[in-house]
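One letter stands for each residue in the lines below.
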There are 2 protein chains.
Amino acid sequence: MTTADRLSDVFAALADPIRRDMVATLAEADATVTELAEPHDVTVQAISKHLKVLEEAGLVSRTRDAQRRPAHLEADVFGLLTTWLERHRRLAEERYRRLDAVLASMPDDPSSTPLAERATTTHDHPDDRTTP
Amino acid sequence: MTTADRLSDVFAALADPIRRDMVATLAEADATVTELAEPHDVTVQAISKHLKVLEEAGLVSRTRDAQRRPAHLEADVFGLLTTWLERHRRLAEERYRRLDAVLASMPDDPSSTPLAERATTTHDHPDDRTTP
DNA sequence: CGTTCATTCAACCAACTGGTTGAACACGAA
DNA sequence: TTCGTGTTCAACCAGTTGGTTGAATGAACG
């Protein structure tokens, strides 16, 4: 699976409030399906499905303890998110700095569009790679 | 709208590879719908819809320039994500440290379950608040 | 004016999601 | 073996999503 696909799965998994709540709970301690279900007024089966989504996104792993199957938060995946986030936050910041510079070095030239200036520039930006 | 809802919208918006790509492009420069559509082989209407999703998630704002409506990346929202991410990464780390401590101060006591130890502890954790 | 370009609206469709109920499976205990 | 508990599988349903085509709107330009 490509990094883009994994990112999609992780973001999608965290787009649901119940699932985010489950992650929050698991950040404090491993927990079973029934334990995770208790605070939410949906059936245990629904929680089981949610857990499967988290599992397939790589956010959670399962162990076995007799008939119980405790879930464990796989915190590594947060790194993936942080990387993506950092990259784009950084880009946006650089963009601001660049724009400020342009504005500063431009007294009043009417031939330059104020916003959306040269949008067709050098953006050959494939995105979603495992950091080049 | 509550913080949880906003988080859901942002995560959902970023769960789509095309939309992530659009964000990547916008991180470098503002761009119009047609410009954003060019690299992807879907119709301009589809991109317009994607842009609306990003807009409603607060990730993008629109300006007007004659018949064009350039999109601008609203980088502030990244802060919301970073906050959530940091909080849970931090929790997970603390959990590891705590667990290590427990394991260290426990020579070999058979009455303690190895993993999933006391899952029914103090987790009154409402989650998704605007940082208390 | 009519044309052309950029964008959006509207209706439609297939696929996916989040939920349900009911049945099945997997263990440990009696 | 039977019973109870925890978990999952299967089928189903309503609502959402991501895409399409076709028509409508908005603004510059001849």
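Residues numbered from 1 in each chain as written. Chains lettered and ligands numbered in written order. Predicted model: local features only at pLDDT ≥ 70, side-chain atom pairs only at ≥ 80, totals over all residues. Heavy atoms only, no water.

1. Thoughts on the protein's contact with DNA strand C
Every one of the 21 residues lining DNA strand C counts as a neighbour, but A:Thr43, A:Lys49, A:His50, B:Thr34 and B:Ser48 are closest to it. Of what DNA strand C places within 4 Å of the protein, 62% of the atoms are sugar or phosphate. Measuring from a base oxygen of DNA strand C, one finds a side-chain N or O atom of A:Gln45 at 2.9 Å. Taking B:Ser48, its side chain carries an N or O atom lying 2.8 Å from a phosphate oxygen of DNA strand C. Looking at the surface near DNA strand C, the elements that each hand over two or more residues are α2 (17-28) and α4 (44-56) of chain A together with α3 (33-37) and α4 (44-56) of chain B. Considering each element in turn, the surface near DNA strand C owes the most residues, four residues, to α4(A). Tallied by class, the residues present in the surface near DNA strand C amount to five nonpolar, nine polar and seven charged. (Near = heavy atom within 4 Å. Polar contact = N/O pair within 3.5 Å; in protein donor to acceptor, adjacent residues only side chain to side chain. Helix = DSSP H or I, 4+ residues; strand = E, 2+ residues; numbered from the N terminus. Nonpolar A, V, L, I, M, F, W, Y, C, P; charged D, E, K, R; others polar.)

2. Focus on the protein's contact with DNA strand D
In the neighbourhood of DNA strand D, 21 residues make up the surrounding shell, with A:Thr34, A:Ser48, B:Thr43, B:Lys49 and B:His50 lying closest. For DNA strand D, the fraction of protein-proximal atoms (within 4 Å) that sit in sugar or phosphate groups is 64%. A distance of 3.1 Å is found between a phosphate oxygen of DNA strand D and a side-chain nitrogen or oxygen belonging to B:Arg19. Within the side chain of B:Thr43, one N or O atom sits 2.7 Å away from a phosphate oxygen of DNA strand D. Those elements that provide at least two residues to the surface near DNA strand D are α3 (33-37) and α4 of chain A together with α2 (17-28) and α4 of chain B. Among the elements that make up the surface near DNA strand D, the one with the highest residue count is α4(B) (four residues).

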